[in-house]
Amino acid sequence: MSVNHLSEVERVELRLASVMAARPRDDGACLAALQDAVALTRTDADAAKVFYLPELLDEMAQAYTDIGRFDEALQAIREAVDAGLSGQPDSRCRIAEILMRAGRVGEAEPIWAQVRADTPGDVWLFNNAGLEYAAVDDHATALAWLTDGMRIALDSGDPERLIPQLIGLRRTSMTQLGMEADDLQARAADFHAEREGESRLRIQRTMAPAAAPAPVAGHRVAAGPMLVALAWFPADEYDEALARWPELTEPGGAAAGGRSHAEYCRIMQVKLAEAADTGAARVSIAPIWIDALLAWCAERGGNPGEARAAYAADLARTRPEQLIDWPPGRNEPCWCGSARKYKKCCGAPRTGDHG
């Protein structure tokens, strides 16, 4: 269809998709496109079939938050909640998040409390509240929320698979408070290690034979697109990786300054975007499981501290099914394993410490 014959709904849809996908993103252009989409959805029945108003309003609230226009962000998110925004945790938590990012912690507290009273078993609530209190450096309150969340996760068998994130978040707050790891932290680590061991065993038992060799990272192959596979430590491997290879925390290292796993993933997101900008047709993430890396290096006489890139390239060639495709869809689970939507996690624009 010719651009001249596009409907207003199609033009708005194309414009919104374009500005949201742009790297770097133009905050003003994103906000303007969202405002147009919201206005059209409210007045045009055809637009309402294409756009979901609560989600548009949520996106607009985030766009206002990113540029520090908190009153407008709060108005948008309240309209989104009234329009039927749903999810985990309860959508009212989005109001509390924005209030806290605006420095209005006292106004957020009763919202957290009410959502807790209404959904006492939702581990996502505890995870979210812990994140937000830690972001404003109230680590005592953050730890209280995270501790209750970890107990809920452990008692329920962690179906949401939040234990790795809760371990990392609790560790950060405990470190900030000068506290040592406690029995709950050890119990969570044991639980996660046991589950991951079982998961790896299942994968090994069901692994299909290697497919025909895929392009190796960093090399162009005439028969297909260039694949870039970047090495990355999942949350449950991260602590051990830093302990084994402290150079990762040195200036210029992947975990410079001992950054948290969440911060490490944010840096990884930047590297992935940069790799895509170089012209690679496919960008993937190669999860580094330390035991597998050590075994691979032992077979080849390599140094595990220096072989991560080579291991990622070999994984891309011999076990492409183990790679994580990037980027995921905006409404799909984030590649980092947080289980949040990509657009709300690593795919969200970062304008400050609250990320």
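Residues numbered from 1 in each chain as written. Predicted model: local features only at pLDDT ≥ 70, side-chain atom pairs only at ≥ 80, totals over all residues. Heavy atoms only, no water.

1. Notes on helix α5 (residues 70-82)
- Over its 13 residues, α5 extends 18 Å from the first C-alpha to the last, a length consistent with the 18 Å expected when each residue adds 1.5 Å.
- Taken as a whole, α5 has its buried residues at A73, L74, A76, I77 and A80. Buried residues in α5, looked at end-on, bunch into an arc of 165°, giving them a common side. Pointing more than 90 degrees away from the buried face of α5 are the exposed residues D71 and D82.
- Turning to α5, the residues buried within the fold contact α4 (53-66) and α6 (92-101).
- Residue G84 follows α5 closely and has a positive phi angle near 115°. (Helix = DSSP H or I, 4+ residues; strand = E, 2+ residues; numbered from the N terminus. Expected span 1.5 Å × (residues − 1). Buried < 20%, exposed > 50% of the residue type's maximum accessible area, 1.4 Å probe, protein only. Arc of directions from axis to C-beta. Contact = heavy atoms within 4.5 Å.)

2. A few points about the packing of α4 against α5
- As a packed pair, α4 and α5 sit with axes 8 Å apart at the nearest point and diverge in direction by 165°. The angle between the axes of α4 and α5 places the two elements in the roughly antiparallel class. You can see that α4 and α5 cross each other, and the crossing is left-handed. Facing P54, L57, D58, M60, A61, Y64 and T65 of α4, the residues of α5 in contact are F70, E72, A73, A76, I77, E79 and A80.
- Partitioned by chemical class, the residues of the contact of α4 with α5 number 10 nonpolar, one polar and three charged. (Axes fitted to C-alpha atoms, helices over the stretch in contact; angles between N-to-C directions. Parallel < 35°, antiparallel > 145°, perpendicular 65-115°, else oblique. Left-handed = near helix turned anticlockwise from the far one by under 90°. Nonpolar A, V, L, I, M, F, W, Y, C, P; charged D, E, K, R; others polar.)

3. Some thoughts on the nonpolar core
- Among the nonpolar cores identified, the biggest contains 43 residues, and L16, M60 and W112 are the most heavily contacted of them.
- Of all the secondary structure elements, the ones that give two or more residues to this core are α1 (8-21), α2 (27-43), α4, α5, α6, α7 (105-118), α8 (123-135) and α9 (139-156).
- With seven residues, the single largest contributor to this core is α2.
- Sequence-distant contacts of M60, defined by excluding residues within four places in its chain, comprise L31, L34, Q35, V38 and A76.
- Listed in part, the 37 residues of the second largest apolar core include M268, V283, A286 and I290. (Core = buried A, V, L, I, M, F, W, Y, C linked by side-chain atoms within 4.5 Å.)

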